[in-house]
Each structure stands twice: as structure tokens, then as C-alpha cells.
Number of protein chains: 2
Amino acid sequence: MRLLVLQYLMEQNRALSLNELEVLFENADKSTIFRTLKTFQENYLVHRINDGSGAIKYALCDDDCICSLEDNHIHFLCTKCEKTYCLKDTPIATPNLPNGFRANFANYLIEGICSTCT
Amino acid sequence: MRLLVLQYLMEQNRALSLNELEVLFENADKSTIFRTLKTFQENYLVHRINDGSGAIKYALCDDDCICSLEDNHIHFLCTKCEKTYCLKDTPIATPNLPNGFRANFANYLIEGICSTCT
DNA sequence: TAAGGAGTGCAATGCCATTGCAAAGTTTAG
DNA sequence: CTAAACTTTGCAATGGCATTGCACTCCTTA
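Let us look at the structure shown here. (Residues numbered from 1 in each chain as written. Chains lettered and ligands numbered in written order. Predicted model: local features only at pLDDT ≥ 70, side-chain atom pairs only at ≥ 80, totals over all residues. Heavy atoms only, no water.)

**A closer look at the interface of chain A and chain B**
It is common to give the size of an interface as the accessible area lost on bringing the parts into contact. Each partner contributes to the interface: chain A provides 33 residues, whereas chain B provides 33 residues. Ranking the residues of chain A by area buried against chain B places F101, R102 and Y108 of chain A at the top, with a combined share of 21%. The interface formed by chain A and chain B includes 0 salt bridges. Remark: the boundary between chain A and chain B carries 11 residue pairs in polar contact (both at pLDDT 80 or more). Counting only elements with at least two residues in the side of chain A that touches chain B, the list comes to β4 (73–78), β5 (84–91) and β6 (102–113) of chain A. Broken down by element, the side of chain A that touches chain B gets its largest block of residues, 12 residues, from β6 of chain A. Residues that form the side of chain A that touches chain B fall into these classes: 18 nonpolar, 13 polar and 2 charged. Pairing between β6 of chain A and strand β6 (residues 102–113) of chain B: 11 bridges, direction antiparallel. (Contact = heavy atoms within 4.5 Å. Buried area = accessible area lost by both parts, 1.4 Å probe. Salt bridge = Lys/Arg side-chain N within 4 Å of Asp/Glu carboxyl O. Polar contact = N/O pair within 3.5 Å; in protein donor to acceptor, adjacent residues only side chain to side chain. Helix = DSSP H or I, 4+ residues; strand = E, 2+ residues; numbered from the N terminus. Nonpolar A, V, L, I, M, F, W, Y, C, P; charged D, E, K, R; others polar. Pairing = 2+ DSSP bridges.)

So this is what it looks like as C-alpha cells:
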């Protein structure tokens, strides 16, 4: 199962929800896939993205992703097809924070219409 | 109820969850507060913030907030006290998107430790 | 070949958002 | 003043998604 999920994630360039994977691997149970993704997270293979769609999305980490501020790319949620893209070529600078605020993690999410849904 | 909630929101400079308001106004029902906030949203008084904490947060809109890209300030979630701040003095530019991608809404969330929890 | 560990499925739980329905309160027209 | 119409509220139920306990199966290894 882990191999199948990992392979599928590698073939995609976007973030997938647990439910999408459930539908895809219909012979496997929800909880199996959940635990698969959990294992991946614990081993820094995937990171979670909360795109506000109600379902958490999972995407493969980059080689240099440490799942923190360093992994500072934008996620784009298409409100039409509900797909979430990792816009790794569109970096965004970490802004200066007010006094006393310390950042550990950042998540820049943009909602709109993706190129295939236009 | 609407007046009470609105007044309380105006006194805060941060985003509150439904649950926080429930606890605060314990004589009012969950659903009443929920519908109050829903009404506020429909009339562009508050906007919703998904800070990944599991609970949606609600914050008063600025006068010029049209609850879209224009309302492009950063939200800061303190992972210690779980409070969400609107960093209106820390604007962030909307980046250029790849070809064919059109943005309607943006949400920049930073997690870390706030100034009072440091 | 038996024992231990890993992976899986099922069912249950929990949390939060949301809604149907009826009761209570408020406004308005006569 | 009063009844009808509308609004607001509370309670209980529903639904979606994440998560977990438990038992069963499968695989590895001594």
C-alpha cells in the first residue's frame, strides 16, 4: 500500500486529500491510507496542507523540504475542480513580523481558478 | 445577541472561534451564535479565517475589506495560546501566478509564538 | 514451524459545522 | 387591543472528516 500511494503521489504535482486516495484505491481501507500518510509524515516524505476545503491535502515534500518556514511555497486551490497545486516556482518571502512574534511555520494559500479550468 | 457579539468582536483585535464565543456567552446557544456569525458574514461584517487549528475563526472586516484579495493581511496563529491575530500592519503582496491561474482569494497564515506568550 | 511483529479492515469515537423543527418573542396591520 | 406574520432562539439531530481500538491476517525470522 505504501508503495502504491507513494508512487501515485510522485506521479502527481499536486496535493491530494485522503478521500481522493480512498476513491482511487477502493480496495484499501480509509484507515490504512490514513496510517500510510501518517507514516509518510513522520518520515518527512509528505506534508499536510490545509486549504480550507474541509479536507486536509497531502503532498510530497521536496528534497529540501523540512516542513517548516523553509518550505515556503504557495498552495493554490482551484475552487472549480477542488484540486490543490503546489506552486513551487512562485516563492514568497517571509515578511517581518511585529515585535515579539516568532514564526515557525507559514502557509500561503490562494484560491481561484486553475489553468485547466479557465 | 447580535449586538453583544458585535460589540465583543469590536473590542478584540483578533479572530475568535465559534467555541470561544460559545464559552463567553454561555447563556446563548451554539446555533444562535453560529447563525449570528453567518448573518454577519452575509452582510460583510466579519470574515472567516481558517487557521488550521480545526476551528474556523471569525474576525471583523475592515471598513475597506471586501473579503477577497483586497483583504490581504496576514493571520498569525500562536501555537501556544491558540489565539489568532490579524496582522493588518504587515501587508503582503499578491504574487504573480503561473499562466492561466486566476486568484480570487488569498490567505497567508503564519504559525508561531505571539508576543504575549514569548 | 512456531512466535513476534507489521499491516489491514471494520467499526466506533470525537470534534466541529450545519440544519430542521418547534417554541418564544417581536412587529405590524386591522 | 389583538391576531396574524415574521424573526430569533434552543434543542436535538445530522453530516463530514480525522482518528483510534481491536482483532485478524500476513510476513519475517529464529
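**Brief notes about the packing of aromatic side chains**
Within this structure, the stated rule accounts for 7 aromatic pairs over all chains. Relative to F76 of chain B, the ring of F101 of chain A has its centre 4.8 Å away and its plane inclined at 80°; by these criteria the two rings are edge-to-face. Separated into two different chains, F101 of chain A in the loop between β5 and β6 and F76 of chain B in strand β4 (residues 73–78) make up a pair that spans both. Taken together, the aromatic side chains of F76 and Y85 of chain A together with F101 of chain B make up a single cluster linked through ring pairs. (Phe/Tyr/Trp six-rings, centres within 6.5 Å; stacked < 30°, edge-to-face > 60°.)

**Examining the sheet that holds β6 of chain A**
The sheet built from 12 strands is open, its strands ordered β2(A)-β3(A)-β1(A)-β5(A)-β4(A)-β6(A)-β6(B)-β4(B)-β5(B)-β1(B)-β3(B)-β2(B) with mixed pairing. The two strands at the open ends of the sheet, each matched to only one other strand, are β2 (46–50) of chain A together with β2 (46–50) of chain B. Here the strands of the sheet are splayed against their neighbours by 35° on average, with no regard to which way each runs. Judged from the 2 bridges that link them, strand β1 (residues 14–17) of chain A and strand β3 (residues 56–60) of chain A form a sheet pairing that is antiparallel. Note that in β3 of chain A the partner of S17 of chain A across the bridge is K57 of chain A. Where helix α1 (residues 2–11) of chain A meets the sheet, it contacts β1, β2 and β3 of chain A, and its direction lies at approximately 80° from that of β3 of chain A. The sheet strands contacting helix α1 (residues 2–11) of chain B are β1 (14–17), β2 and β3 (56–60) of chain B, and the helix crosses β3 of chain B at an angle near 80°. (Axes fitted to C-alpha atoms, helices over the stretch in contact; angles between N-to-C directions.)

**Considerations on the protein's contact with DNA strand C**
As a structural note, the neighbourhood of DNA strand C is formed by 18 residues, with R2, D29, T32 and R35 of chain A together with F34 of chain B the closest of them. The sugar-phosphate portion of DNA strand C accounts for 67% of its atoms within 4 Å of the protein, the bases making up the rest. One of the side-chain nitrogen or oxygen atoms of S31 of chain A is found 3.0 Å away from a base nitrogen of DNA strand C. The backbone of I56 of chain B places a nitrogen or oxygen atom 3.0 Å from a phosphate oxygen of DNA strand C. Listing elements by their share of the surface near DNA strand C, those giving two or more residues are α3 (30–42) of chain A together with α3 (30–42) of chain B. For the surface near DNA strand C, the element with the most residues is α3 of chain B, which contributes 5 residues. Taken together, the residues of the surface near DNA strand C sort by class into 6 nonpolar, 5 polar and 7 charged. (Near = heavy atom within 4 Å.)

**Description of the side chain of K57 of chain B**
All names here are of chain B. Along the polypeptide, K57 turns up in strand β3. The exposure class assigned to K57 is buried, which follows from its relative accessible area of 3%. A distance of 2.9 Å separates polar atoms of two side chains, one belonging to K57 and the other to D51. In this structure the side chain of K57 is engaged in a polar contact, spanning 3.0 Å, whose partner is the backbone oxygen of E82. Dropping the residues within four chain positions of it, K57 is found in contact with A15, L16, S17, E20, H47, R48, I49, D51, L77, E82, K83 and T84. (Buried < 20%, exposed > 50% of the residue type's maximum accessible area, 1.4 Å probe, protein only.)

**Describing the relation of the copies chain A and chain B**
For the pair chain A and chain B, the best superposition has an RMSD of 0.1 Å and corresponds to a rotation of 180° with a translation of 0.0 Å parallel to the axis. On this basis, the relationship between the two copies can be described by a two-fold rotation axis. Minimal C-alpha separation from the rotation axis in chain A is found for Y108 of chain A, amounting to 2.1 Å. A share of 100% of interface residues in chain A that are also interface residues in chain B marks the association as one of identical surfaces. (Least-squares fit on C-alpha atoms with pLDDT ≥ 70 in both.)

The values are spatial; any link to function lies outside them.
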